[in-house]
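One-letter residues, chain by chain:
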Amino acid sequence: MRSLVLFRNDLRVADNPALTTAAARGEVLPVFVYEPEAYGAAAKWWLHHSLTALAQDLGGLLVRQGEPLEVIEGLVADYGVDAVFWNRRYEPAGIAKDTEMKAALGAAGVVVESFPGNLLFEPWQIKTGSGGQFKVFSPFWRACLKAGAPAAPLERTSLAVFGATAEIDALDLLPTKPDWATGFGPVWTPGEKGAWARLEHFLSDDIKGYKTGRDRPDQTHVSRLSPHLHFGEISPRQIWREVQRQCAMYPSKQGDADKFLAEIGWREFSHQLLFHTPDLPEQNLNRAFDAYPWADNPGHLTAWQKGKTGYPLVDAGMRELWHTGYMHNRVRMVVASFLIKHLRIHWKHGMNWFWDTLLDADLANNTASWQWVAGSGADAAPYFRIFNPTTQAQKFDPNGDYIRKWCPELAALPTKVLHAPWEAPALVLLEAGVTLGATYPHPIVDHKEARAAALAGYDTVKSAQ
Ligand code: FAD
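Residues numbered from 1 in each chain as written. Predicted model: local features only at pLDDT ≥ 70, side-chain atom pairs only at ≥ 80, totals over all residues.

With respect to the overall build of the protein chain
If you tally the helices and strands in the protein chain, you get 20 helices and 5 strands. Taking 2.2 N^0.38 as the reference for a compact globule, 465 residues should give roughly 23 Å; the C-alpha atoms of the protein chain span a radius of gyration of 24 Å, in line with that estimate. Counting only C-alpha atoms, the protein chain reaches 75 × 50 × 50 Å along its principal axes. The buried share of the protein chain, reckoned over its 465 residues, is 45%. The contacts of the protein chain with a sequence gap of at least 6 include a subset with a gap of at least 24, amounting to 76%. (Helix = DSSP H or I, 4+ residues; strand = E, 2+ residues; numbered from the N terminus. Rg over C-alpha atoms; globule rule 2.2 N^0.38 Å. Buried ≥ 20, exposed ≤ 12 C-beta atoms within 10 Å, placed from the backbone. Contact = placed C-beta atoms within 7 Å.)

Things to note about the sheet that holds strand β3 (residues 62–65)
Ordered in space as β3-β2-β1-β4-β5, the 5 strands form an open sheet in which the pairing is parallel. Of all the strands in the sheet, the pair left with one neighbour each is β3 and β5 (111–115). If you compare each strand with its neighbour and ignore which way they point, the axes differ by 25° on average. Examined bridge by bridge, strand β1 (residues 2–7) and strand β4 (residues 83–87) share 4 bridges and lie parallel to one another. The partner of Leu 4 across the bridge, within β4, is Val 84. Sitting on the sheet, helix α1 (residues 17–25) is in contact with β1, β2 (27–34), β4 and β5, with an inclination near 155° to β4. (Pairing = 2+ DSSP bridges. Axes fitted to C-alpha atoms, helices over the stretch in contact; angles between N-to-C directions.)

Some words on the nonpolar core
In this structure, Leu 4, Val 5, Leu 6, Val 31, Leu 51 and Ile 403 are the most contacted members of the largest nonpolar core, which totals 110 residues. Among the elements that line this core, the one with the most residues is helix α2 (residues 41–58), at 9 residues. The contact partners of Leu 6, leaving out residues within four places of it in the chain, are Val 31, Val 33, Pro 68, Ile 72, Val 84 and Trp 86. (Core = buried A, V, L, I, M, F, W, Y, C linked by C-beta atoms within 7 Å.)

A few points about the environment of Gly 163
Along the polypeptide, Gly 163 turns up in the loop between α5 (137–146) and α6 (192–206). Spatially, the C-alpha atoms of Gly 163 and Glu 37 are 27 Å apart, while their sequence positions differ by 126 residues. Setting aside residues up to four positions removed in sequence, Gly 163 forms contacts with Leu 29, Leu 62 and Tyr 79.

Quick notes on the packing of helix α12 (residues 312–324) against helix α13 (residues 329–342)
Packing of α12 against α13 brings their axes to within 9 Å, and their N-to-C directions diverge by 110°. Judged on the interaxial angle alone, α13 and α12 are roughly perpendicular. In this structure, α12 crosses over α13, and the sense of that crossing is left-handed. The residues of α13 that touch α12, namely those facing Leu 313, Val 314, Gly 317 and Met 318, are Val 331, Val 334, Val 335 and Phe 338. The residue makeup of the contact of α12 with α13, split by class, is 7 nonpolar, 1 polar and no charged. (Parallel < 35°, antiparallel > 145°, perpendicular 65-115°, else oblique. Left-handed = near helix turned anticlockwise from the far one by under 90°. Nonpolar A, V, L, I, M, F, W, Y, C, P; charged D, E, K, R; others polar.)

Quick notes on the site of the ligand
In the vicinity of the ligand there are 27 residues, among which Val 222, Ser 223, Asn 329, Asn 366 and Ser 369 approach most closely. Sorting the residues of the shell around the ligand by element identifies α8 (226–230), α10 (254–276), α13 and α15 (363–374) as the ones contributing at least two each. Broken down by class, the residue content of the shell around the ligand amounts to 12 nonpolar, 8 polar and 7 charged. (Near = placed C-beta within 6 Å.)

Concerning the packing of α13 against α15
As a packed pair, α13 and α15 sit with axes 9 Å apart at the nearest point and diverge in direction by 60°. Taken together, the axes of α13 and α15 are oblique relative to one another. Both α13 and α15 take part in a crossing whose hand is right-handed. In this structure, α13 contributes Met 333, Ala 336, Ser 337 and Ile 340 to the contact, and α15 contributes Trp 370, Val 373 and Ala 374. For the contact of α13 with α15, the residue count by class is 6 nonpolar, 1 polar and no charged.

Some thoughts on the UniProt feature "domain: Photolyase/cryptochrome alpha/beta" (unreviewed entry) in the protein chain
Within the UniProt annotation, "domain: Photolyase/cryptochrome alpha/beta" (unreviewed entry) is assigned to residues 1–120. Helix makes up 46% of residues 1–120 and strand 23%, and the two end C-alpha atoms of the span are 31 Å apart. (UniProt positions renumbered as here; feature names shortened; annotations may be inferred.)

Things to note about helix α20 (residues 447–464)
Spanning 18 residues, α20 covers 26 Å between terminal C-alpha atoms, matching the ideal 26 Å at 1.5 Å per step. Looking only at α20, the buried set comprises Ala 454, Tyr 458 and Val 461. All buried residues of α20 fall inside an arc of 45° around its axis, so they share one side. Relative to its buried face, α20 has exposed residues pointing more than 90 degrees away, namely Lys 448, Glu 449, Ala 452, Ala 456, Asp 459 and Ser 463. (Expected span 1.5 Å × (residues − 1). Arc of directions from axis to C-beta.)

Below you can see the structure in the form of structure tokens.
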């Protein structure tokens, strides 16, 4: 029997229930239908390389662009396929398309089945005592842990692939004029093998000290698995099992491993949040924030995007993002807070910029995280808690290594003034070759004034509550 497997954000061979089911029936036609609106600009770079790796691994991949239903209906007829399988996706637009496709193919007599594979638990599985949706992370994660170990991941299966040629170049996913992605290649290896190499390196080494080290952008304690997870080159169930294996061999890793799995838990939390609140990318979850008097300042937005705010940690983060398609989580929180609170620019502008520049751009994680920082989201940071970008830098990049890497024009400054160059004596600036306003910007806003303005804006939210 011939089955078609539709790949989306599950670009892997192992622990792929749709692929395993198809392989057990007979010949497999692996298909990827490119839906451009599902990807930001940086993510397209990743997609190109991930599809290339998958096609090599499978021995071919049929690549098309268009509306999935139309494309799949055509392929079913052309290739004599009697079954179509896929692993579920959870974004509102994807769910709507898949529901329609399931009904249409089913009505045409095709066997259609979808599988869980991209989360530890299905978004409707973990419920509060009264059967509702969790809006606070800690009880959600406790309920997940109580639900028992997630299903065991599936091993790789042997495949008889037919009809597949990989025409990935035709999708035109890579930037050319200019090629702004030159910084990505040296840092990342998209694909299933790259994902496993990263997980193994992390579990054998960097996980030690993750609990506190995960807040240090100048150190290497985080896994950097986010783009691999977003594209499904590795599944959370596989990660779960590997973490358990490591902890069985090295029990001293347990504390750090628990914290790491709790971050995977935030991914679960964000996905169930988007599933139950499909307008999360458009609407404040707390509608009182609709009253916030956002500023309209294109100059400030551009300075933020380009890493030219005059606040070194903010600028370092925005430049790391531009050059590598990634930003450390602590710095993501600082730059997001700066945009929303210091500049009073709507979180949607930040969310859109991240969508276009992050390799791990993910509708659930990105949306939930921006609303979390804004204070309008689920279990959110209170709005009145405003990060001071200078003290954050002193605390989490104490020696200035991260700032020096991404803001080299400040590298020669002594650490004492590196986090706040505007406080440096003129002679110190001169000796370090720094001219504020010329080689590095003056701060675009004053911290104290910006904080006061943000809090005044928040009064409108309080009165709308
Ligand atoms: P690790 O610390 O090694 O964590 C392991 C995995 O857990 C991550 O790969 C990720 O899948 C998940 N995870 C960790 N933290 C979070 C979190 N706070 N929320 C949800 N999942 C989490 N993450 C994305 O994957 N895509 C995004 O588009 C995205 N946008 C963000 C926007 C803002 C404003 C903020 C503050 C955070 C955002 N995050 C996003 C969450 C987080 O910053 C990244 O997942 C993390 O930095 C990825 O690095 P890592 O893989 O080394 O993380």
